[in-house]
Amino acid sequence: MEFPGKILIFMGMFGSGKTEIALNFAQSLSKAGQRVALADIDTISPYYRSRDLREAFGKDGIKIIAPAGKLAHADLPIISPEIFGYVENPEYRIVIDVGGNDDGAVVLSSLSRRLPAERCTTFYVLNPYRPFNDTIANAVSHVERLREKSRMRIDFLVNNSNIGPETTGKEILHGEDFIEEISKITTIPVAFTVVMNGVKALKGRYHEFRIVKYMKNPWEVENE
Amino acid sequence: MAEKVMVKGNEAMAEAAVRAGCRIYFGYPITPQSEFIEYMARRMPQIEGVFLQSESEVAAVNMVYGAACTGNRVMTSTSSPGFSLMQEGVSYIAGAMLPAVFVNVVRGGPGLGDIQPAQSDYFQATKGGAHGDYHLIVLAPGSIQESVDLMEDAFRMADEYRMPVLILADGMLGQMMEPVEFPEFVKLEGINDHSAWALRGATGREANKVTSFDIDPVNLEKMNIFIQEIYKRIKAKEVRYETIGLEDAEYMLVGYGTMGRILGSVVKLARSKGIKVGLFRPITLWPFPYAELKKAAEGVKTILTVEMSMGQMVEDVRLAVEGSVPVQFYGRTGGMVPTPDEVLAELLKHV
């Protein structure tokens, strides 16, 4: 699964799964031998952010760009300027983990002038099992609104339909039907379907991107 | 059966409140609870409800006070420093005997603290955070589904006993995402007959009066005694808790909320090492399951209470067992969350 562009951006509505996918995407690029930096520009979520994995990912050679030191936990909209160094550095590919909803898209728009459009590939992540995303009309309006607010072109849709640990093929295939409709209306192609490891292989219509869960709760760590 | 959806705890509790018949919400945003108010801002207009963001938590609680005088289902949600600001209003609502539901998604304290999960507001929630002889019914869900299921109970109890009910969550419960099944919408008609006291227009009848004020000490004492009688009924009827693996347990863990869930993992870990451990998880923190905990502790060698605080509920655990079993404590605070391994290591010190 190859996508063009030095800068790979994951955006979408709140809680759609952008962070898990961005983390997994960074890992897959790194495993393919590329140098990867992941920029956490999520100023919306107070918990379950990619910056929480800065140390673990650092050991894998993946640089996570986020506010330094204790500022990482501040309830403040801080974007680390380090990100622009990596934009200019020809050795790196950058994965950008954007915050959810309109507020997250606005943060992305504030960077858009420094992110050359021809070097960006933007993915819009969608989970129809999330509140306010369960109808085609709602989902389309979110895509269009976030595209405007972020001032970015959206290159691909990503099907991340899931209900967490209880996800089966049924939910994922429902998501494929759902996102196909969104794709027809918006004329944005679908890049892939996200499938958590442990869920049986599907014969869906899109490429399967297998992921592991990084944002774990304390009780999940020990239960495996 | 309804289809499951994937929701954050804050969103789930908000939707559950809507389904429980809440059509009036006042609030002020604060991390890690803000998704609650954001959800209500989107949701209330869809169902012809009232959503109002107040200028502060002090205003929000007094709006709740005013709306509760009409006997309609009303609520607010906040996080620790915000709930402290609301305390005066909470006491007035308790004194005026009004139904209302509060949600506190607890974060690290004291003071401004931080925005990470904590359980350090237990004393405030259960022992009276404001002035006067009053209690809140305090419910502590351990999962998002349980927080949804308890919401309808919260409104039912608030109506039945005419008193404020608090759902005590922590930041983790508010922020994490899980699959949830929502109950059907309750029917709004005939949901609560408060015509005997509620302020809904007095045309053609004598005016009702709602107040927490009585200048006559004889009457004020009577009112307090009346409220205490209600508390006795609640203690007899509403106590809830969950136990895991206590049948043959030699050691008992006690924890509530998401900490109870972490302790569930500790039980599994310890049992895989051959240590017979069980869990007692109070779901009602007020009324606290004193008698039930004492009975559950019969025959255990040691109790280890674990909290995301420096030791608050542990005092109720000690009151419950009345010295019959040694009670140890382990806690992390300020937003730090104990891991199952960490708790197991602590437990092993007492085995």
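Calculation criteria
Residues numbered from 1 in each chain as written. Chains lettered and ligands numbered in written order. Predicted model: local features only at pLDDT ≥ 70, side-chain atom pairs only at ≥ 80, totals over all residues. Heavy atoms only, no water. Pairing = 2+ DSSP bridges. Helix = DSSP H or I, 4+ residues; strand = E, 2+ residues; numbered from the N terminus. Axes fitted to C-alpha atoms, helices over the stretch in contact; angles between N-to-C directions. Contact = heavy atoms within 4.5 Å. Domains from an automatic or database assignment. Buried area = accessible area lost by both parts, 1.4 Å probe. Salt bridge = Lys/Arg side-chain N within 4 Å of Asp/Glu carboxyl O. Polar contact = N/O pair within 3.5 Å; in protein donor to acceptor, adjacent residues only side chain to side chain. Nonpolar A, V, L, I, M, F, W, Y, C, P; charged D, E, K, R; others polar. Expected span 1.5 Å × (residues − 1). Parallel < 35°, antiparallel > 145°, perpendicular 65-115°, else oblique. Left-handed = near helix turned anticlockwise from the far one by under 90°. Phe/Tyr/Trp six-rings, centres within 6.5 Å; stacked < 30°, edge-to-face > 60°. Buried < 20%, exposed > 50% of the residue type's maximum accessible area, 1.4 Å probe, protein only. Lys NZ or Arg CZ within 6 Å of the ring centre and 35° of its normal. Core = buried A, V, L, I, M, F, W, Y, C linked by side-chain atoms within 4.5 Å.

### Observations regarding the sheet that holds strand S7 (residues 190-196) of chain A
Residues and elements named next belong to chain A.
Now for step 1: In spatial order, the strands read S3-S2-S4-S1-S5-S6-S7-S8; together these eight strands make up an open sheet with parallel pairing. Each edge of the open sheet is held by one strand with a lone partner, namely strand S3 (63-65) and strand S8 (208-211). The average undirected angle you get between the axes of adjacent strands in this sheet is 25°.
Now for step 2: Here strand S2 (residues 35-41) runs beside strand S4 (residues 92-98); their pairing, made up of seven bridges, is parallel. Residue pairing for S4: Ala39 is matched across the bridge by Ile96.
Now for step 3: Of the strands in this sheet, strand S1 (7-12) and strand S5 (120-126) touch helix H5 (residues 136-150), which is tilted by about 145° from S5.

### Considering the domain arrangement of chain B
Residues and elements named next belong to chain B.
Now for step 1: When the domains of chain B are assigned, the result is domain 1 (4-237) and domain 2 (241-350).
Now for step 2: Computed from C-alpha coordinates alone, the two centres of domain 1 and domain 2 are separated by 28 Å.
Now for step 3: With 32 residues of domain 1 at the contact, the number on the domain 2 side is 28 residues.
Now for step 4: Counting each side, the surface lost to burial between domain 1 and domain 2 is near 2400 Å², with a carbon and sulfur contribution of 57%.
Now for step 5: By the criterion of area lost to domain 2, the three top residues of domain 1 are Gln119, Tyr122 and Phe123, representing 30% of everything that side buries.
Now for step 6: The interface formed by domain 1 and domain 2 holds three salt bridges in total.
Now for step 7: A salt bridge links Arg281 to Glu146; its shortest N-O distance comes to 2.8 Å.
Now for step 8: On inspection of domain 1 and its partner domain 2, the count reaches 15 residue pairs in polar contact (both at pLDDT 80 or more).
Now for step 9: For the side of domain 1 that touches domain 2, the secondary structure elements donating two or more residues are helix H6 (122-126), strand S6 (137-139), helix H7 (144-161), strand S7 (164-170), helix H8 (171-175) and helix H9 (217-237).
Now for step 10: A breakdown of the residues in the side of domain 1 that touches domain 2 according to their chemical character gives 17 nonpolar, eight polar and seven charged.

### Quick look at helix H6 (residues 169-186) of chain A
All names here are of chain A.
Now for step 1: The end-to-end C-alpha distance of H6 is 25 Å, a good match for the 26 Å that 18 residues give at a rise of 1.5 Å each.
Now for step 2: Among the structural elements, S5, H5, strand S6 (156-159) and S7 are those in contact with the buried residues of H6.
Now for step 3: Following H6 by one or two positions, Thr187 adopts a phi angle in the positive range, close to 60°.

### Some details on the packing of helix H3 (residues 57-68) of chain B against helix H5 (residues 87-95) of chain B
Residue and element names in this part refer to chain B.
Now for step 1: Direction vectors running N to C along H3 and H5 enclose 15°, while the axes themselves pass 8 Å from each other. Viewed along their axes, H3 and H5 adopt a mutual orientation that is roughly parallel. The interaxial crossing formed by H3 with H5 has left-handed handedness. Two secondary-structure elements touch here, H3 through Val61, Val64 and Tyr65 and H5 through Gly89, Val90, Tyr92 and Ile93.
Now for step 2: Each residue belonging to the contact of H3 with H5 can be placed in one class, and the counts come to six nonpolar, one polar and no charged.

### Here we look at the packing of aromatic side chains
For any pair of aromatic rings, the description consists of the separation of the ring centres together with the inter-plane angle of the planes.
Now for step 1: In the structure shown here, the tally under the stated rule is 24 aromatic pairs over all chains.
Now for step 2: On the numbers, 6.2 Å between centres and 20° between planes, the contact of Phe25(A) with Phe192(A) is stacked. Taken as a pair, Phe25(A) in helix H1 (residues 18-31) and Phe192(A) in strand S7 lie far apart in primary sequence, 167 residues in all. Here Phe25(A) and Phe192(A) have matching classes, each one buried.
Now for step 3: Ring centres of Phe288(B) and Tyr290(B) lie 5.0 Å apart, and the angle between their planes is 55°; on these two criteria the pair is classed as tilted.
Now for step 4: What links up through ring pairs into an aromatic cluster is the set Phe3(A), Phe10(A), Phe25(A), Phe123(A), Phe156(A), Phe192(A) and Phe209(A).
Now for step 5: The cationic tip of Arg114(A) hangs over the ring face of Phe84(A); the distance from NZ or CZ to the ring centre is 3.8 Å.
Now for step 6: Of note, Arg42(B) hangs over the ring of Phe132(A), and the distance from its end group to the ring centre comes to 5.1 Å.

### Side note on the interface of chain B and chain A
Now for step 1: Taken together, the 34 residues of chain B in the interface contact 27 residues of chain A.
Now for step 2: Roughly 2700 Å² is buried in total at the junction of chain B and chain A, and carbon and sulfur atoms are behind 60% of that figure.
Now for step 3: Three residues, Met6(B), Arg42(B) and Ile115(B), lead the burial of chain B against chain A; their summed loss comes to 22% of the area buried on that side.
Now for step 4: At the junction of chain B and chain A, the tally comes to seven residue pairs in polar contact (both at pLDDT 80 or more).
Now for step 5: In terms of residue count, helix H10 (residues 257-272) of chain B provides more of the side of chain B that touches chain A than any other element does, six residues in total.
Now for step 6: Among the residues forming the side of chain B that touches chain A, the class breakdown is 16 nonpolar, seven polar and eleven charged.

### Some points on the pattern of salt bridges
Residue and element names in this part refer to chain B.
Now for step 1: Taken as a whole and assessed by the stated rule, the structure comprises 32 salt bridges over all chains.
Now for step 2: Residues Glu238 and Arg156 are paired through a salt bridge, measuring 2.8 Å at the closest nitrogen-oxygen approach. Of this pair, Glu238 sits in the loop between H9 and strand S9 (241-244) while Arg156 sits in helix H7, and the two are 82 residues apart along the sequence.
Now for step 3: Of the residues examined, Arg156 reaches a relative accessible area of 28% and is grouped as partly exposed.
Now for step 4: The salt bridge involving Lys237 is made with Glu160; its shortest N-O contact spans 3.1 Å. Highlighted residues: Lys237 in helix H9 and Glu160 in helix H7, separated in sequence by 77 residues.
Now for step 5: By relative accessible area, which is 55% here, Lys237 ends up exposed.
Now for step 6: Through salt bridges that share partners, Asp153, Arg156, Glu160, Lys237, Glu238 and Arg240 make up one connected network.

### Some remarks on the sheet that holds strand S14 (residues 327-331) of chain B
Residue and element names in this part refer to chain B.
Now for step 1: In space, the five strands of this open sheet follow the order S9-S11-S10-S13-S14, with mixed pairing throughout. With one partner strand each, in any of the chains shown, S9 and S14 form the two edges of the open sheet. Averaged over all pairs of adjacent strands, the angle between their axes in this sheet comes to 20°, without regard to strand direction.
Now for step 2: Contacts from H10 reach S9, strand S10 (251-254), strand S11 (277-282) and strand S13 (302-307), with the element oriented near 170° to S11.

### Regarding the nonpolar core
Now for step 1: Among the nonpolar cores identified, the biggest contains 148 residues, and Phe192(A), Met75(B) and Ile303(B) are the most heavily contacted of them.
Now for step 2: Counting the residues that make up this core, at least three belong to each of domain 1 (4-237) and domain 2 (241-350) of chain B.
Now for step 3: Ignoring any residue separated from it by four or fewer positions in sequence, one finds Phe192(A) in contact with Met1(A), Phe3(A), Phe10(A), Ile21(A), Phe25(A), Phe123(A), Leu157(A), Val158(A), Asn159(A), Tyr206(A), His207(A) and Phe209(A).
Now for step 4: Listed in part, the 37 residues of the second largest apolar core include Val98(A), Tyr124(A), Leu126(A) and Tyr206(A).

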